[in-house]
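# Structural description and commentary
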Amino acid sequence: MKGFLVENGGVQSCIQDAGRRGFSDIGLTQSGAMDEMAFGYANFLVGNDFNTPSIEIALGGIALKAQSEMCIAICGATMHPKLNGHTIGLWQVHQLKKGDTLSFGFASEGQFAYLAVAGGFQTPHLYGSFSTSIKEGLGGIEGRKLKTGDQLPTSGARCPMDRRKLEKQFIPHYSDEITLRLVKGYQEAMFDTLSQKTFFNSVYTFKGEGDRMGYRLSGEKVVPSATGILSEPICYGAVQIPSHGEPIVLLKERQTIGGYPKIGSVIAVDCFKLAQLKTGGRVRFKEVSLVEARATTLAFYRFFGQKGV
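So, how was this worked out
Residues numbered from 1 in each chain as written. Predicted model: local features only at pLDDT ≥ 70, side-chain atom pairs only at ≥ 80, totals over all residues. Heavy atoms only, no water. Phe/Tyr/Trp six-rings, centres within 6.5 Å; stacked < 30°, edge-to-face > 60°. Helix = DSSP H or I, 4+ residues; strand = E, 2+ residues; numbered from the N terminus. Buried < 20%, exposed > 50% of the residue type's maximum accessible area, 1.4 Å probe, protein only. Polar contact = N/O pair within 3.5 Å; in protein donor to acceptor, adjacent residues only side chain to side chain. Contact = heavy atoms within 4.5 Å. Expected span 1.5 Å × (residues − 1). Arc of directions from axis to C-beta. Pairing = 2+ DSSP bridges. Axes fitted to C-alpha atoms, helices over the stretch in contact; angles between N-to-C directions. Salt bridge = Lys/Arg side-chain N within 4 Å of Asp/Glu carboxyl O.

### Some details on the packing of aromatic side chains
- Taken as a whole and judged by the stated rule, the model has 20 aromatic pairs.
- When the ring of Phe 39 is compared with that of Phe 50, the centres are 5.5 Å apart and the planes differ by 85 degrees; the resulting orientation is edge-to-face. Here the residue Phe 39 occupies a position in helix H1 (residues 36–45), and Phe 50 occupies one in the loop between H1 and strand S3 (54–58), the gap between them amounting to eleven residues.
- With 6.1 Å between their ring centres and 80 degrees between their planes, Tyr 41 and Phe 303 make a pair best called edge-to-face.

Take a look at the structure:
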């Protein structure tokens with residue numbers, strides 16, 4: 001078999017592409033890579049299309065054994081990967097031989113790393129995506145995180161260049177202080193002037209209360225005029241304000257409907273930054289126009305050869 005044998009699944013590793021779109025009406029969450037920038041660069045380096053499935057490694061600890069020759073790239077969080085016991089670099093291509101072992105430590109910067117292989121992983125394609133939805137038990141390898149003994153088949157494609165590296169100006173730095181650009185939503189009227197001033201002028205802290213569904217931030221309370229609304233569809237990046245008054249930013253494996261007031265939505269490219277924020281990181285919100293949000297999002301996807309979102 002061409003591909004990897006999983007020797008240790010790590011904290012939480014799973015197969016992801018850019019996500020499952022267009023099925024919210026039947027209750028299927030979007031899922032997909034938490035940081036599409038690192039995911040996109042990993043696929044770019046090995047010559048794949050943007051939406052090719054890769055391994056998303058959360059926090060680290062995974063170990064793999066190559067069952068064949070292959071070309072890989074690792075991008076994202078600093079997890080100090082080692083090839084046969086020797087440290088290798090991120091944001092560049094590596095050639096593996098049959099029998100090689102690849103292991104990861106635990107993240108010292110960022111939270112998610114992506115391992116792409118030339119040609120991609122050959123896992124089930126369900127509802128328009130290869131992505132694993134752990135909450136729903138769908139996609140990937142039996143709809144779950146990877147575990148010891150799993151086989152991950154690949155196509156065995158070759159890299160476009162053996163020594164390909166990402167130029168330094170494109171490599172992101174995962175800061176412990178970030179600003180999230182947000183477009184106000186149609187429910188902003190539920191937040192009075194004082195509440196909005198509090199929201200946009202406060203520094204919130206991520207205390208580790210979060211997962212692929214969303215991140216809860218701690219800080220100044222924001223009080224809407226109503227603590228609940230009729231349940232309605234929820235978009236990626238929506239910022240809910242539950243009764244406790246602290247914002248929750250909803251991410252890739254969010255529920256498809258919800259009944260808390262929403263002050264607005266964080267733009268996609270900033271959700272990728274938020275995904276990489278470690279416990280103790282600080283967050284500010286900045287209002288932007290819908291025009292700016294759309295231009296920024298389209299520029300990101302066009303950079304990776306996508307026509308839109």
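### As for the side chain of Glu 253
- Following the sequence through the fold, Glu 253 ends up in the loop between strand S17 (248–250) and strand S18 (257–258).
- Of the residues examined, Glu 253 reaches a relative accessible area of 3% and is grouped as buried.
- In terms of polar contacts, Glu 253 uses its side chain to reach the backbone amide nitrogen of Lys 135, at 2.6 Å.
- Excluding residues within four positions of it along the chain, Glu 253 makes contact with Thr 29, Ser 31, Thr 132, Ser 133, Ile 134, Lys 135, Arg 212 and Met 213.

### Some details on helix H4 (residues 290–303)
- Its 14 residues give H4 an end-to-end C-alpha distance of 20 Å, which sits within 8% of 20 Å, the value for a rise of 1.5 Å per residue.
- Along H4, the residues that are buried comprise Ala 293, Thr 297, Leu 298, Phe 300 and Tyr 301. Down the axis, H4 shows its buried residues gathered within 155 degrees of arc, on one side only. Turned more than 90 degrees from where H4 packs its buried face, Val 291 and Arg 302 sit exposed.
- Along its buried surface, H4 packs onto H1, strand S12 (177–184) and helix H3 (268–275).

### Some words on the pairing of strand S5 (residues 70–78)
- In terms of burial, S5 is largely enclosed, as eight of its nine residues are buried.
- When S5 meets strand S8 (residues 93–96), the two strands line up antiparallel, connected through four bridges. What sits directly across from Cys 71, in S8, is Gln 95.

### Notes on the sheet that holds strand S20 (residues 282–287)
- The seven strands lie next to each other as S12-S19-S16-S17-S14-S13-S20, forming a closed barrel whose pairing is mixed. Between one strand and the next, the sheet's axes are offset by a mean angle of 40 degrees, whatever the strand orientation.
- Sitting on the sheet, helix H2 (residues 193–201) touches S12, strand S13 (204–211), strand S16 (238–240), strand S19 (262–266) and S20, and the angle it makes with S20 is about 125 degrees.

### A look at the pattern of salt bridges
- Considering all chains together, one arrives at 14 salt bridges under this definition.
- Among the ionic pairs, Asp 270 bridges to Arg 181, the shortest N-O distance being 2.9 Å. Within this pair, whereas Asp 270 is found in helix H3, its partner Arg 181 is found in strand S12, the two being separated by 89 residues in sequence.
- Classification of Asp 270 by relative accessible area gives buried; the value is 1%.
- One network of salt bridges, with partners in common, ties together Glu 209, Arg 216, Lys 221 and Glu 246.

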